[in-house]
Amino acid sequence: MKKSFLEAIGIICFSVFLALIVNCFRSDGLPLVRPSSPPLPPVVVAEEAGEGLVTAEYVLSQINQPGFLIVDARSSDDFRQGHIPGAINIPPDALYDAGLLALESISRETRIITYCEGIECLNAEDLSFTLQETGYENVRVFPGGWEEWSNKKLPVARAEDESG
Amino acid sequence: MKVDERNLSTITRMWTILKGVLIHPYTVWILRIVLGGIFIYASWDKLLNPEQFARAVQNYRILPHPGLNIIAVTLPWVELVCGILLVAGFLTRGAAIIISGLLTVFVLALGSAMIRGIDTSCGCFSSQGTHPITFLFLVRDAVFLVVALHVFFYDRKIAGLASLILRRTIP
């Protein structure tokens, strides 16, 4: 057993050495310490929108950025058919149990953007209030929601592709 | 009562046969080659696209931001070297331990992402995957983990590089 662990350590050392050498010489090699992301832009409020609201372009710029979380407040079925990439789903009927439980591991400093079907739905705002009551201070609403996002033909993630 | 004893005896006999097949050197040899091949294949796209793999790792929201690149640079090489060693039959127990460790981490990471409802591609075989993670990914990695442990405990290095070089089968 001890011999096997020594083998494992040797293999890891050799692999890491090889990786570092190759990374050094390849043109698309990465810096070993990932530079921190450019400072996050302040929450841009659309001129036509009010306080605490963000535009589709702003949401697009924040997809998969560290420190940001997009929350889809539509039904699970709608979410499965298509949603903003990187978003998590907290449907209205699961808000007070499974939904908030899912957010437990998310830091309170995380900037959260909520959205629902479109300008007329209220679920994103309701979710935003609930999250603020729970302790999340940086919560904004994307009022255009799914309707604006799909009309602008912005990137879409589909849970239906899961079968692959 | 006699019927129960007969059933028990049949089950015991079947288990003995099944165990004999599972730990047969040639079965373990096939599993080892397949597992090695899978890891070579899994490493390839990540080796070619380290930046995209770093983003795939980032999406799991587990590692601190500065540590993403070192993982994206080294992990595919560890997978590749272990895969080659398993196929070649050289240092197989060491490679199987590492692969078991990696698969344990993968299972935990996938499970954690699913529990947190993170919508991300697996990043398992391709750094540019578009398929969100599902329970099946978890099951698949768990099966690979069992195979890796099986190889670790029962591999006899038949038809391996070591035995060819040393011209003997290592017990």
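Residues numbered from 1 in each chain as written. Chains lettered and ligands numbered in written order. Predicted model: local features only at pLDDT ≥ 70, side-chain atom pairs only at ≥ 80, totals over all residues. Heavy atoms only, no water.

1. Observations concerning the overall build of chain B
Test applied: Helical segments are the DSSP runs of H or I of at least four residues, strand segments are the runs of E of at least two, and each set is numbered from the N terminus. Throughout, a contact is declared for two residues whenever any of their heavy atoms are within 4.5 Å. For accessible areas, the Shrake-Rupley method is used with a probe of radius 1.4 Å. Any residue's cover is judged against the shown protein chains and nothing else.
For chain B, the helix and strand inventory stands at 7 helices and 0 strands. A separation threshold of at least 6 residues defines the contact pool for chain B, and within that pool the share at least 24 residues apart is 68%. Of the roughly 8,900 Å² of accessible surface on chain B, 73% is carried by carbon and sulfur atoms.

2. Quick notes on the confidence of the model for chain A
Residue and element names in this part refer to chain A. Using the following cut-off: What pLDDT conveys is the predictor's confidence in a given residue, as a value from 0 to 100.
Overall, the prediction assigns chain A a mean pLDDT of 79, with 82% of residues at 70 or greater. Confidence, read as mean pLDDT per element, is least for helix α4 (residues 95–102) in chain A (64) and greatest for helix α1 (residues 2–25) (93). Contacts of residues 38–50 to residues separated by more than four positions or lying in other chains number 21 contacts, the stretch itself having pLDDT below 50.

3. Describing the environment of Gln62 of chain A
Put simply, the rule reads: Between buried and exposed lies partly exposed: a residue is buried under 20% and exposed over 50% of the maximum accessible area for its type, with that area taken using a 1.4 Å probe on protein chains only.
For Gln62 of chain A, the position within the fold is in helix α2 (residues 56–62). For Gln62 of chain A, a relative accessible area of 2% puts it in the buried group.

4. Some words on the packing of aromatic side chains
Cut-off, in case you're wondering: Centre distance within 6.5 Å is the pairing criterion for rings of Phe, Tyr and Trp, where only the six-membered ring of Trp is used; planes under 30 degrees apart are then read as stacked, over 60 as edge-to-face, and the remainder as tilted. Here, a charge over a ring means that NZ of Lys or CZ of Arg falls within 6 Å of the ring centre while also lying within 35 degrees of the ring normal.
This model, assessed by the stated rule, comprises 5 aromatic pairs over all chains. Taking the centre distance of 6.5 Å and the plane angle of 55° together, the rings of Tyr115 of chain A and Phe142 of chain A count as tilted. With a gap of 27 residues between them, Tyr115 of chain A in strand β3 (residues 111–115) and Phe142 of chain A in the loop between β4 (139–141) and α6 (145–151) connect regions that are remote in the sequence. Overall, Phe142 of chain A belongs to the buried group, its relative accessible area being 1%. Aromatic side chains Tyr26 of chain B and Trp29 of chain B sit 6.4 Å apart centroid to centroid with 85° between the ring planes, which places their arrangement in the edge-to-face category. Placement of both Tyr26 of chain B and Trp29 of chain B in helix α2 (residues 25–48) is noted, with a separation of 3 residues, approximately one turn of the helix. Residue classification places Tyr26 of chain B among the exposed positions, given a relative accessible area of 51%. Given the relative accessible area of 28%, Trp29 of chain B is considered partly exposed. Ring-pair connections join several aromatic residues into one group, and the members of that group are Tyr115, Phe142 and Trp149 of chain A. Sitting over the ring of Phe152 of chain B, Arg93 of chain B keeps its end group 4.4 Å from the ring centre.

5. Notes on the interface of chain B and chain A
The condition is simple: When two parts are brought into contact, each loses some accessible area as probed by a 1.4 Å sphere; the total of that loss over both is the buried area. Salt bridges are defined as contacts in which a side-chain nitrogen from Lys or Arg sits within 4 Å of a carboxyl oxygen from Asp or Glu. Under the rule applied, a polar contact is a pair of N or O atoms within 3.5 Å (in protein, one hydrogen donor and one hydrogen acceptor; residues adjacent in sequence only if both atoms are side-chain atoms). Charged means Asp, Glu, Lys or Arg here, nonpolar means Ala, Val, Leu, Ile, Met, Phe, Trp, Tyr, Cys or Pro, and polar covers whatever is left, Gly included.
Contacts between chain B and chain A engage 38 residues on the former and 41 residues on the latter. Summing both partners gives a buried area of about 3,200 Å² for chain B against chain A, and 62% of it is carried by carbon and sulfur. Where chain B touches chain A, the interface holds 0 salt bridges. Taken together, chain B and chain A are joined by 5 residue pairs in polar contact (both at pLDDT 80 or more). It is helix α4 (residues 68–88) of chain B that provides the largest number of residues to the side of chain B that touches chain A, a total of 11 residues. Split into classes, the residues belonging to the side of chain B that touches chain A amount to 22 nonpolar, 10 polar and 6 charged.

6. Considering empty space enclosed by the protein
What counts, and what does not: We place a 1 Å grid over just the protein atoms. Points where a 1.4 Å probe fits but has no way out form a cavity, open points with protein on both sides within 12 Å along at least 5 of 7 lines form a pocket, and any residue with an atom within 4 Å of a point lines it. Grid points are joined across faces, edges and corners, and a volume is the space filled by probe spheres set on the points.
Scanning the model with the defined rule gives 1 cavity of 30 Å³ or more in all. Counted as a void, the largest cavity has a volume near 60 Å³. Considering the residues around the largest cavity, the lining is formed by Ala19, Val22, Asn23 and Arg26 of chain A together with Lys46, Leu47, Pro50, Ala72, Val73, Pro76 and Trp77 of chain B. Of all the secondary-structure elements, those providing two or more residues to the lining of the largest cavity are α1 of chain A together with α2 and α4 of chain B. For the lining of the largest cavity, the leading source of residues is α4 of chain B, giving 4 residues. Its residues assigned to classes, the lining of the largest cavity shows 8 nonpolar, 1 polar and 2 charged.

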